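Residues per chain are reported as follows:
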Amino acid sequence: MLLRSVQKKKNIWRDALFREEKRFITKLSVSGGRSSVSGITATVFGATGFVARNIVNRLGRVGSQIVIPFRGEESRYNHLKIMGDLGQIVPVRWDLRSKDSIYRALKRSNVVVNMLHRDYDTRNFSLEQVNIEGTRIIAEIAKEVGVERFIHVTHLGATEQSKSRMYRSKALGARAVREAFPDATILRCAPIYGYEDRLVNRDTSILRDWVFYPLISPTTRMQPVYADDVANAIFETIRHHDSVGQDFELGGSTIFTREEWARWLKSKIFTSTRIREFDETFLSWVLRFLDIARISRFSADYIHQKEDTVVNPNAKSFKDLGIGKLNDINEFANLLFKQNRARAIRSQEATPDVDEPEFTMVIKTDSTNQKL
């Protein structure tokens, strides 16, 4: 009874908060602090994930009210509460299959940031249910309730002709957004890195723990982008009205091939793991088995993800949003890789002597993504 009473009081407070009329973006004030009022009421789907927490912090820093749709336990959003002033971080329980819960999360918002993403099937949802159907429903309801700005984040390599299910579903999801909400801004991001990511941490843990690193499509190019840069780009799209209805491609300052990426990581964590290219058919069966057992760091679909994730020089990018210098992954190398360095040297303060010379990337791009 006590728990029911507490939950009832929470629901009464949230209903009172959402009983006010929707606020429209008339004049943005982004120069104040967390206790100011920016004029933004944003719903951020996927806010409890790795990337979206950066945009929650960026919006909270200027006094925005942020609605956090969440599933599962309430502890999932506790780390987000400190990113805004008292009462400005509003958690709302939701379910992808419940349109009423989506409507409740959107009805007072003037900005929606959709960062829902799934790269493998789960027992509850398939790739298509999350990346296509769920995205379409959110965009349709956002249009229905009168949301002013809808920002959808998708993958740079996503094409409808891809052999990868994940890439196809992300491309079809972006098309569904454009059909349901024509004024949406779509950000196509290269692989995103940062603390607690699933790019650097995945690959360095394989290099640290496995006997071989499975190299797949070694000539495929990638342009990793820092999570904070993506958050800044989302914030700037909200500020710049001319970004309405536009597509942007976001990539970092350095371009790697997958082979260069693996060797660069290996040089940073001081491991002797061999980097080998395996037969794709054999590797596909192995990864399928590991997927079923839920113990694989690679999804079986990764074998089919062979598209380059590099920004098109003719596409709109960071420069068009007024963002000049980007964060360089080399500057974060020591902090990003410290926890995944070989166990024998992880606690040493001095850099150990290794036989293999450090692998340094020299391919650079400027803010317009042109090679220097």
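In short, a report on the structure.

Calculation rules
- Residues numbered from 1 in each chain as written.
- Predicted model: local features only at pLDDT ≥ 70, side-chain atom pairs only at ≥ 80, totals over all residues.
- Heavy atoms only, no water.
- Phe/Tyr/Trp six-rings, centres within 6.5 Å; stacked < 30°, edge-to-face > 60°.
- Lys NZ or Arg CZ within 6 Å of the ring centre and 35° of its normal.
- Salt bridge = Lys/Arg side-chain N within 4 Å of Asp/Glu carboxyl O.
- Helix = DSSP H or I, 4+ residues; strand = E, 2+ residues; numbered from the N terminus.
- Buried < 20%, exposed > 50% of the residue type's maximum accessible area, 1.4 Å probe, protein only.
- Expected span 1.5 Å × (residues − 1).
- Contact = heavy atoms within 4.5 Å.
- Polar contact = N/O pair within 3.5 Å; in protein donor to acceptor, adjacent residues only side chain to side chain.

Another aspect to go through is the packing of aromatic side chains. Within the structure shown, the criterion is met by eight aromatic pairs. Three or more aromatic residues joined by ring pairs make a cluster, and in this case those are Phe 256, Trp 261 and Trp 264. We note Lys 143 situated over the ring of Phe 181; from NZ or CZ to the ring centre the distance is 5.1 Å. The ring of Phe 212 carries Arg 276 above its face, with NZ or CZ at 4.9 Å from the centroid.

Another point: the pattern of salt bridges. Considering all chains together, one arrives at 13 salt bridges under this definition. A salt bridge links Arg 136 to Glu 133; its shortest N-O distance comes to 3.1 Å. Of this pair, Arg 136 and Glu 133 both sit in helix α4 (residues 127-145), three residues apart, which is roughly one turn of that helix. A salt bridge links Asp 203 to Arg 202, with the nearest nitrogen and oxygen atoms 2.9 Å apart. Since its relative accessible area comes to 1%, Asp 203 is described here as buried. What makes Arg 202 buried here is its relative accessible area of 17%.

We now examine helix α5 (residues 165-180). Note: α-helices contain 3.6 residues per turn, so residues at a spacing of three or four share the same orientation. In a regular helix each residue adds 1.5 Å, so 16 residues correspond to 22 Å; α5 covers 22 Å between its end C-alpha atoms and thus fits that length. What α5 keeps buried is the set Met 166, Tyr 167, Ser 169, Lys 170, Ala 171, Gly 173, Ala 174, Ala 176, Val 177 and Ala 180. The inward-facing, buried residues of α5 abut α4, β5 (149-155) and β6 (185-189). Where α5 begins, the side chain of Ser 164 points an oxygen toward the backbone nitrogen of Met 166, at a separation of 3.3 Å.

Don't take any of this as a statement about function, it's just geometry.
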